[in-house]
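Reading the structure
The residues making up each chain are set out below.
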Amino acid sequence: MEPGFLDTPIEFLKGVGPLRALALKNEADVHTFRDLLYYFPFRYVDKTRFYTISELEPEMPYVQIRGKIVAFELIGEKRARRLVAEFTDGQGSIELVWFQGIKWIKDKLKVDAEYVIFGKPGVFKGRYNISHPEIETIAEFQGGMQSAFQPVYSSTEFLKSKGLESRGIMKLVATLFQKITTEIPETIPAYIRSRMKLVSLSAALRNVHYPDNVENLKKARYRLKFEEFFFIQLDLMITRSIRMRLKNGMIFPKVGEKLHDFYNTRLPFELTEAQKRVVREIRKDLGSGSQMNRMVQGDVGSGKTLVALMSMLIAIDNGAQACLMAPTEVLANQHFNTFRKMLGDMKVTIALLTGSTKTSERKVIHETLANGELNILIGTHAILEDPVKFSNLGFVVIDEQHKFGVAQRATLHAKNTKPPHILIMTATPIPRTLAMTFYGDLDTSVIDEMPPGRKDIITIHRTDNERHKLHHFIREQIRQGRQIYVVYPLITESEKLDLKDLNLGYENLLSIFPRPEYQICCVHGRQKPKDKAEEMRRFVSGEAHIMVSTTV
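The residue numbers shown here count from 1 along each chain, following its written sequence. The model is predicted, so local features are restricted to residues of pLDDT at least 70 and side-chain atom pairs to those at 80 or more, both for listing and for counting; the totals for chains, interfaces and linings are taken over all residues. By convention in this description, side-chain values take in all heavy atoms of the structure and omit both hydrogens and water.

1. Describing the sheet that holds strand β14 (residues 393-399)
Pairing between the strands of a sheet is mediated by backbone hydrogen bonds and can be parallel or antiparallel. Two strands pair under a simple rule: DSSP has to find at least two bridges between them. Only runs of H or I of at least four residues qualify as helices and only runs of E of at least two qualify as strands under DSSP, and these elements are numbered from the N terminus. An order of β12-β13-β11-β14-β15-β10-β16 is seen for the seven strands of this open sheet, with the pairing classed as parallel. With partners counted over all chains shown, the strands left at the sheet margins are β12 (350-353) and β16 (443-447), one partner each. Taking the axes of each pair of neighbouring strands and ignoring which way they run, one obtains an average angle of 20 degrees across the sheet. Sheet strands in contact with helix α11 (residues 273-286) are β10 (293-298), β14, β15 (421-426) and β16, and its direction is about 160 degrees off that of β16. Comment: axis = line fitted to C-alpha atoms, over the contacting stretch for helices; angle = value between 0 and 180 degrees taken between N-to-C directions. Contact definition: two residues touch when any of their heavy atoms are within 4.5 Å.

Now the structure itself:
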């Protein structure tokens, strides 16, 4: 294989051309021959089985049948227009129906020609049909790359409009393999392949697209999955190695007056052993000379925020500034109020910056940040804006880091001449293997102990047909003077996710818990800040019994 062959632009593959190339680039992120090889099928169809029309049932998945078209016609006008073909296999007949691409399909069909049809059977007015079946002549079927399983590729409406439905993409892949006459260059050394019992890259790519049997498909998938994780790990190890070797982190050697004052006189409760252990780990990082990248995991209520504040005070005692970035205004406000309460009248200046911050307040924040008067800035994405310039940013806390992109986090690094230390907080439990795989460039600490006096969290699962039990439980809790959170994952209904939305849930609860006996408030991310604040006030004050909210 010629060097650079797989990097050839996709438009130079026979059957592609400029328009299809543009569609592949925009819709499937396929730019080169290599990208097409790595555009894997998402499922496979057993091509060893042909069904007869008499065997079809409406609940069947996709089936393959062989026969002839005896007639076809255009029916309806404008949007109701469709192409209908009568198809028979000698034992029965079925209708084939197309609503789109009618002209292209109509020009392709020939009466009494033999075809292989693939699609999902359905029933309309008591008769079986297949809508938008994949269709090819016997010659096309037999001339393609043969395997026991036919690959099925993801496509979009735009790709389909360019003739690149699953079968169209399959033909391009077959064309590409016909051009590959030698082994595809290996990406993994032979000793690793031997040790891990990996098939060659050439065999893996051929068998993932055109598997001869289930065993070969398993081997191909194993090789390709291993390769993906291998290079993710390698990249993380290189990044971590460079960071540790450069020793370019800010050094915070002392534990000064502010942390001592806070620890000795302001702590709301005694630190748990887990909190003490994590603080020691952070202190060691801050004095090492290498930039810290540490993730702290812990359940809600385990004391991550307190650990973060104490770490910030170490930075401040060493002449640096600190900031905390949260994914929502609600969470940023919560951290701001918590920090102010914990710090009390300590001589530590703190400010809140969100999208709702007034222009006059922003100006003061920008000035005090730049001249070093402001010690701690808490905010949302607004912290990333260009006008936000620190005098000496030394410590960054990111809450729920999966809500922020890599580029956004990198922007914080650029806020100082030396990269600031990074502490990531998450309440999401991350298995050790997953943490090693995707957060391998981070050191990980776990706060696995709750402060004394915390109530146990009881989790109960209820199905839809037990909803009446849940409603009874809610009424009983409210009668005892307690309040209820009802959390929905979405604000409005989604076509892609089968999840009940907040608006519908809110209306349902209003009918089940009517006013004035019950008061229900509603909070979500699209509300205006003043409306959100008022709804939260009603809940905090006890005026509202139930809060309906998204994950905000």
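2. Details of helix α17 (residues 467-479)
Here, expected helix span is obtained from the residue count minus one, scaled by 1.5 Å. Between its terminal C-alpha atoms α17 stretches 19 Å, which fits the 18 Å expected from 13 residues at 1.5 Å a residue. Taken residue by residue, α17 has H471, I474, Q477 and I478 as its buried positions. When α17 is viewed along its axis, its buried side chains cluster within an angular range of 125 degrees and face the same direction. Residues of α17 that are exposed and point over 90 degrees away from its buried face: H468, H472 and R479. Per-residue accessibility, obtained with a 1.4 Å probe over protein chains only, is compared with the maximum for each type, and a residue is labelled buried under 20%, exposed over 50%, and partly exposed between these values. To obtain the arc, one takes the directions from the helix axis to the C-beta atoms.

3. Thoughts on the layout of surface pockets
Site definitions follow a grid-based scheme: protein atoms alone, a 1 Å grid, a 1.4 Å probe that fits but cannot get out for cavities, and for pockets an open set with protein on both sides within 12 Å along at least five of seven lines, plus lining residues having an atom within 4 Å of a point. Grid points are joined across faces, edges and corners, and a volume is the space filled by probe spheres set on the points. Looking at the second largest pocket, its volume works out to about 1,000 Å³. Residue lining of the second largest pocket: 37 residues in total, with H132, E134, K160, E165 and S166 positioned closest to the centre. The set of elements that each furnish at least two residues to the lining of the second largest pocket consists of α3 (102-108), β5 (114-119), β8 (134-137), α5 (157-161) and α6 (166-179). By the convention adopted, Pro, Cys, Tyr, Trp, Phe, Met, Ile, Leu, Val and Ala count as nonpolar, Lys, Arg, Asp and Glu as charged, and the other residues, Gly among them, as polar. Of the residues in the lining of the second largest pocket, the class split is eleven nonpolar, 13 polar and 13 charged.

4. Regarding the state of the cysteines
Structurally, a disulfide amounts to a covalent bond that connects the sulfur atoms of two cysteines. The term disulfide is used for any two cysteine sulfur atoms that are within 2.5 Å. The full count for this structure, using the stated rule, is zero disulfides. Free of any disulfide, C521 has its nearest cysteine sulfur in C522, 7.8 Å distant.

5. What about the side chain of R294?
Within the secondary structure layout, R294 lies in strand β10. Each polar contact in these results corresponds to two N or O atoms within 3.5 Å; when the atoms are within protein, one needs to be able to donate a hydrogen and the other to accept it, and residues that are neighboring in sequence are counted only if both atoms are side-chain atoms. Within the structure, R294 has its side chain in polar contact with the side chain of D285 (distance 2.7 Å). Within the local environment of R294, its side chain forms a polar contact with the side chain of S445, the two groups lying 2.7 Å apart. Discounting chain neighbours no more than four positions away, the residues touching R294 are E281, I282, D285, I422, L423, I424, L442, D443, T444 and S445.

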